[in-house]
Every structure is written in structure tokens, then in C-alpha cells.
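Geometric and topological summary
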Amino acid sequence: MDIQADILDNYFMAEAMRLAHKAYDEGEIPVGAIVVIGEKVIGKGYNQTELLNDVTAHAEMIAITAASDHLGSKYLTDCTLYVTLEPCVMCAGALYWTQMKRVVIGAADEKRGYSRLGKPILHPKTKLSNGILATESQELLLKFFRQLRT
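Right, let's walk through the structure included here. (Residues numbered from 1 in each chain as written. Predicted model: local features only at pLDDT ≥ 70, side-chain atom pairs only at ≥ 80, totals over all residues. Heavy atoms only, no water.)

Details of the nonpolar core
As a reminder, the rule being used: We define the nonpolar core as a collection of buried residues of types Ala, Val, Leu, Ile, Met, Phe, Trp, Tyr and Cys that are connected through side-chain atoms lying within 4.5 Å of one another. Under the scheme applied here, a residue whose accessible area is under 20% of the maximum for its type counts as buried, over 50% as exposed, and between as partly exposed, the area being computed with a 1.4 Å probe on protein chains only. In this text, helices come from DSSP runs of H or I with a minimum length of four residues, and strands from runs of E with a minimum of two, each type numbered from the N-terminal end. In this description, contact between two residues means that some pair of their heavy atoms is separated by no more than 4.5 Å.
Residues Val35, Leu81, Leu95, Met100 and Val103 are the most contacted members of the largest nonpolar core, which totals 24 residues. Among the elements of the structure, β1 (32-37), α3 (59-71), β3 (79-85), α4 (89-98) and β4 (102-107) are those that each provide at least two residues to this core. Excluding residues within four positions of it along the chain, leucine 81 makes contact with Ala33, Ile34, Val35, Glu60, Ala63, Leu95, Met100, Arg102, Val103 and Val104.

Okay, structure coming up:
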């Protein structure tokens, strides 16, 4: 990957982290996601399952819906999703159906992430990158869950 792409990945993942912090501040599991086309953000979301009383209100789902609305299309073939935590099976399934061009993941989710199934779930044309701001994402998640337990 070239330096410019590396800089953009870090920039957009930092934007997703800002959304994760917003989720944290609102008592939600701190996950943020943005959808980008070119260098423009066209969808963003953070977990809102508690606020909306909706188990499907994950950051990825909200960002995908916003991006689809923006483009007027259910397909996001020229888009990249930046998400602070590895998507669950539900969100990975939605990413499959959107035919997302690329997915960039912060931290792995060893308990509920889609990759734990050991089967490919993302669309075969989707490119995957892992580990961008993984430490920051993981630290925020650990802080959140520690506070829940006290």
C-alpha cells in the first residue's frame, strides 16, 4: 500500500474512532463506522442498540443505510467501510449484499466477529484490511466493559 493510502486509512479510521467515542459517551458499546467513496464520507454510524431498542442498530448497519440513501443504490461497489471493531455475522452479511469494495477493520472481535466462523462471509471481490488503530479501539472497548462490571 502506498503512503497516501496509508494516511487516508488512518484519517478515516480516526473518524470512525470519534464515532466510537460518541457511542461510549452515550452508554453504547463503542463501535463507530463510516463509508467512504473516493475521499468523501457518505455514511456514518455508531452503535445505537440501546437508544433505539433495536438489536440491528449496529454502527455498520447505520453507516450502510446512510451511504445507500446518499447514493440511491443498494450496492456500494465503489465504497470502503471503516469500522473500529470486526463486524458480527449480521453486519458481514449486509456487507456481502452491498458488494462493498473494501472493508477496513480496527480491532478483531474474537468472541463475536464474523471471522471466528472460519468461512468467508464478505463478498469475494471485497478487499480486507485489518489492524488500523486496533490498539485504540481495543482499549476503548475494554474501558467500556470494565465500567459495566463495576
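And the narrative resumes.
What about the packing of α3 against α4?
Just so we agree on the cut-off: Under this scheme, a helix contributes an axis fitted over its contacting stretch, all axes are lines through C-alpha atoms, and angles between N-to-C directions fall in the 0 to 180 degree range. By definition in this entry, angles of less than 35 degrees are roughly parallel, angles greater than 145 are roughly antiparallel, angles of 65 to 115 are roughly perpendicular, and the rest are oblique. When the near helix sits turned anticlockwise from the far one by under a right angle, the crossing is termed left-handed; a clockwise turn instead gives a right-handed crossing.
α4 packs onto α3 with a crossing angle of 25° between their chain directions and a minimal axis gap of 9 Å. Classified by the angle their axes make, α3 and α4 are roughly parallel. When the axes of α3 and α4 are compared, the crossing they make is left-handed. The residues of α4 that touch α3, namely those facing Glu60, Met61 and Ile64, are Met90, Cys91, Ala94, Leu95 and Thr98.

Notes on the sheet that holds β3
Cut-off, in case you're wondering: Strands pair, by our definition, only if DSSP identifies at least two bridges between them.
The five strands lie next to each other as β2-β1-β3-β4-β5, forming an open sheet whose pairing is mixed. Each edge of the open sheet is held by one strand with a lone partner, namely β2 (40-46) and β5 (127-130). Mean inter-strand twist for the sheet, computed between neighbouring axes without regard to direction, equals 15°. Strands in contact with helix α5 (residues 134-149) are β3 and β4; relative to β4, the strand with the most contacts, it is inclined by about 55°.

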